[in-house]
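Breakdown of the fold
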Amino acid sequence: MDTPIYDFLRRYNDADTARLHMPGHKGKPFLGCEPLDITEVHGADALYEADGIIARSETTATALFGSRRTLYSTEGSSQCIRAMLYLALTCRPNRTAPVIVAARNVHKAFVCAAALLDFEVVWLWPEGDSRSLCGCPVLAEALDKTLASLPAPPAAVYLTSPDYLGGMADIAAMSEVCHAHGTLLAVDNAHGAYLRFLSPSRHPLDLGADLCCDSAHKTLPVLTGGAYLHVSEHVPAGMAERAKAAMALFGSTSPSYLTMASLDLCNSYLAEGYPSRLADTVHRLSSLRETLTTRGWRVEDSDPLRLTVAAPAGLPGTALADRLRRRGVECEYADRDFLVLMATPENDPADFDRLLAALGENHAPYAPPTPLPLAKGVRACSIREALFAPQETVPAEKTLGRVCGAPTVACPPAIPIAVSGEVIGSEALALFRYYGVKTVDVLQ
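Everything quoted here is computed from the prediction, not taken from an experiment.

This paragraph deals with the overall build of the chain. Along its length, the chain carries 14 helices and 15 strands. Oriented by its inertia axes, the alpha-carbon framework of the chain measures out at about 65 × 55 × 45 Å. Across the 444 residues of the chain, 56% fall into the buried class. Approximately 18,700 Å² of the chain is accessible, and the part contributed by carbon and sulfur atoms is 53%. Taking the 39 positively charged and 50 negatively charged side chains of the chain as two groups, their mean positions are separated by 4 Å.

In C-alpha cells:
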C-alpha cells in the first residue's frame, strides 16, 4: 500500500537537510517525534491545495471508504462538522431555507457552527424523557412528521451516530426519509470510523448518508486530531469539488504533518488485514459482554467496539471508574448512570482480563436512571446573536429565566444542556445539578 506522506517525511529526515524553515525545533528530538514534524517545504504538498503526496493519500482513503471524496482533517471532527454544515448550506438546491434539523444530542462544535454560519436549528427530541443527555433516539416516523411540517426542505438533517453511549440511529431509514423530502442527511460519525470495515458495513455512507465525518483517532490507530470528511457518491459533483475549500475555511494553515502521516499509514493498516482483526475484536467484546452479564452487570446495547455498563443501585458510574483506575484501567467516560469503555484491535486480551478482574462480581440490583426531561428552552434570540453578545458567568442555580450565552455542556462529552439563545428553565437547572455543572455563561 502506497504511503506517500510518511515516505516523504522519512526521506526528508534522512537527507540531513539544514532546516532553515519552520517549525522552531528544527527536527531536533525533544519529544522524539520532531524529525518527522515539518511544514509545507518543497515537495511536501499542502493540505488545502493538495495536488501531490497529500492528494495521493486522500485518493487512497477515498477508495477505502467508497466515497466520492474523502478529505483529511488534523483538527478532529470539529473541523469536519463545520465544513459539512457549510457545504449543506451553500450547496442547497433552490436556495432552500438556511435551516438544519438536528437531533438534540449534538456536540458543541455544531452549536459553534450555527453561530459562525448563522443558520436556524429545528431540534429533534426523543420520545418521552431521556435516560441520558448523551442519547437522542429519533424514529424515522418522527423525522418524517417534522420535515412535513416545515414550509420548505431544510438544508440538511443532522444526526449523531453512534452517540457517546454507543446508541446507533437507523441511518438507512432516516436517509430514505430525508431523500423523500428533498434534503441531505449529514452524520456525525466521530465514534464510528471502523464501521466501514465490518461485514456488512454499517458506516453511514453505505447506509445512505450524504455527508459524514469520522474521528479516525477515536477508533483507528491515528494520532489525536486525525479525522475524515466524507462526501457521498450520491451528492452533486459540485459539493465534492467545494469540500476542500470548506475545510480550508475552518482549518489552521499549519496542519500537523505528524497527524497527516498517521492518517496516511492508517490507509495501509486498513487495507492489510484490518477487517479480520476487527472481526476478532468484535467477537471478543461480544464474549466479554456475556461474561459481565453472567456476573451480574447490566450491559447496554451499543456499537460493536464499545462496552457500556449501567451503574447498579448505590454505585454510580463515576465510582466504578475510580474502582477501575485503582486497578490500572482507564475508561472513556463515566457519569452517574453509565460507565463507557472503548476498545480496538490494539487492545490485547490482557486488557480485557484486567477489566474483568477490576469489575469483579456485581450483586447490587440495577436501578434505572431517573428519567430526566431534556431542557426545551424557549428561544430568545439566535445562536449567533447569543454567542457574540456580552456575557457573564453566574452560578448555575441562579440562572433560571436567564438567556444562555455559551453552550453549557457536561464535559465530556460536550453535549449542550442549554443552547445559546435559549431561556434557561427549570428542566435545565435540574440537568445542571444532575451532571455537576457549577457555572453557566448567560447574557448580561
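There's plenty left to go through after this.
Looking now at the pattern of salt bridges. Following the criterion strictly, the structure yields nine salt bridges and no others. Measuring nitrogen to oxygen at the nearest pair gives 2.9 Å for the salt bridge that ties Glu 58 to Lys 244. On the criterion of sequence distance, the pair formed by Glu 58 in helix 2 (residues 53–65) and Lys 244 in helix 8 (residues 237–250) is long-range, its members being 186 residues apart. Each member of the pair Glu 58 and Lys 244 is classed as buried.

Before going further, it helps to spend a moment on the side chain of Thr 39. Looking at the element boundaries, Thr 39 is found in the loop between helix 1 (4–14) and helix 2. For Thr 39, the side chain forms a polar contact with the side chain of Glu 40, separated by 2.8 Å. Once residues within four sequence positions are removed from consideration, Thr 39 is found in contact with His 21, Met 22, Pro 23, Ala 44 and Tyr 257.

Time to look at the sheet that holds strand 4 (residues 156–160). Read across the sheet, seven strands follow the order 1-7-6-5-4-2-3 without closing on themselves; strand pairing throughout is mixed. In this open sheet, the two strands that pair with only one neighbour each are strand 1 (69–73) and strand 3 (120–124). Each neighbouring strand pair of the sheet contributes to a mean axis angle of 20°, computed without reference to strand direction. Strand direction decides the pairing type here: strand 1 and strand 7 (residues 227–231), joined by five bridges, are antiparallel. Paired with Tyr 72 across the bridge in strand 7 is Tyr 228. Strands strand 1, strand 2 (99–103), strand 4, strand 5 (184–188), strand 6 (211–214) and strand 7 of the sheet are contacted by helix 3 (residues 76–90), whose axis makes an angle of about 170° with strand 6.

Quick look at the packing of helix 11 (residues 317–326) against helix 12 (residues 349–359) now. Where helix 11 meets helix 12, the axes come as close as 9 Å, and the angle between the chain directions of the two elements is 120°. Taken together, helix 11 and helix 12 sit at an angle that is classed as oblique. Handedness of the crossing formed by helix 11 with helix 12: right-handed. Contact with helix 11, carried on its side by Leu 320, Arg 323 and Leu 324, involves Leu 355, Ala 358 and Leu 359 of helix 12 and no other residues of that element. Here the residues of the contact of helix 11 with helix 12 sort into five nonpolar, no polar and one charged.

By the element assignment, His 203 lies in the loop between strand 5 and strand 6. Within the structure, the side chain of His 203 is placed 2.9 Å from the side chain of Asp 214, a separation counted as a polar contact. Each residue touching His 203, except ones within four places of it in the same chain, is listed here: Phe 65, Asn 189, Gly 192, Ala 193, Leu 195, Arg 196, Cys 212, Asp 214 and His 230.

Turning next to the packing of helix 5 (residues 140–149) against helix 6 (residues 171–180). Packing of helix 5 against helix 6 leaves a shortest axis separation of 9 Å and a crossing angle of 15°. One element, helix 5, and the other, helix 6, form an angle in the roughly parallel class. Between helix 5 and helix 6 the crossing geometry is right-handed. Where helix 5 approaches helix 6, its residues Ala 140, Leu 143, Asp 144 and Leu 147 are matched on the opposing element by Ala 173, Met 174, Val 177 and Cys 178. Residues of the contact of helix 5 with helix 6, tallied by class, amount to seven nonpolar, no polar and one charged.

Before going further, it helps to examine helix 4 (residues 108–117). Of all the residues in helix 4, the buried ones are Ala 109, Phe 110, Val 111, Ala 113, Ala 114 and Ala 115. Buried residues along helix 4 sit against helix 3, strand 2, strand 3, strand 4, helix 13 (383–387) and strand 14 (415–418). After helix 4 finishes, the residue Asp 118 shows a positive phi value of roughly 55°.

Time to look at the nonpolar core. Counting residues in hydrophobic clusters, the biggest one holds 126 residues, and the most contacted among them are Phe 110, Tyr 158, Leu 220, Leu 270 and Phe 432. In terms of residue count, the dominant contributor to this core is helix 3 (nine residues). With near-sequence residues (within four places) excluded, Phe 432 lies in contact with Ala 396, Thr 399, Thr 408, Ile 417, Ala 418, Ile 424, Val 437 and Val 440. Of all hydrophobic cores here, the second largest spans 21 residues; its members include Val 99, Val 157, Met 174 and Leu 185.

With that settled, consider the sheet that holds strand 10 (residues 333–334). If you trace the four strands from one edge of the open sheet to the other, you get 8-9-11-10, paired in antiparallel fashion. The sheet is open, and its two borders are formed by strand 8 (298–299) and strand 10, each paired with just one other strand. The strands touched by helix 11 within the sheet are strand 10 and strand 11 (338–342), with strand 11 carrying the most contacts at an inclination of about 45°.

Rules and cut-offs
- Residues numbered from 1 in each chain as written.
- Predicted model: local features only at pLDDT ≥ 70, side-chain atom pairs only at ≥ 80, totals over all residues.
- Heavy atoms only, no water.
- Helix = DSSP H or I, 4+ residues; strand = E, 2+ residues; numbered from the N terminus.
- Buried < 20%, exposed > 50% of the residue type's maximum accessible area, 1.4 Å probe, protein only.
- Areas by Shrake-Rupley, 256 points an atom, 1.4 Å probe, with all protein chains shown as cover.
- Lys, Arg positive; Asp, Glu negative; His and termini not counted.
- Charge placed at Lys NZ, Arg CZ, Asp CG, Glu CD.
- Salt bridge = Lys/Arg side-chain N within 4 Å of Asp/Glu carboxyl O.
- Polar contact = N/O pair within 3.5 Å; in protein donor to acceptor, adjacent residues only side chain to side chain.
- Contact = heavy atoms within 4.5 Å.
- Pairing = 2+ DSSP bridges.
- Axes fitted to C-alpha atoms, helices over the stretch in contact; angles between N-to-C directions.
- Parallel < 35°, antiparallel > 145°, perpendicular 65-115°, else oblique.
- Left-handed = near helix turned anticlockwise from the far one by under 90°.
- Nonpolar A, V, L, I, M, F, W, Y, C, P; charged D, E, K, R; others polar.
- Core = buried A, V, L, I, M, F, W, Y, C linked by side-chain atoms within 4.5 Å.

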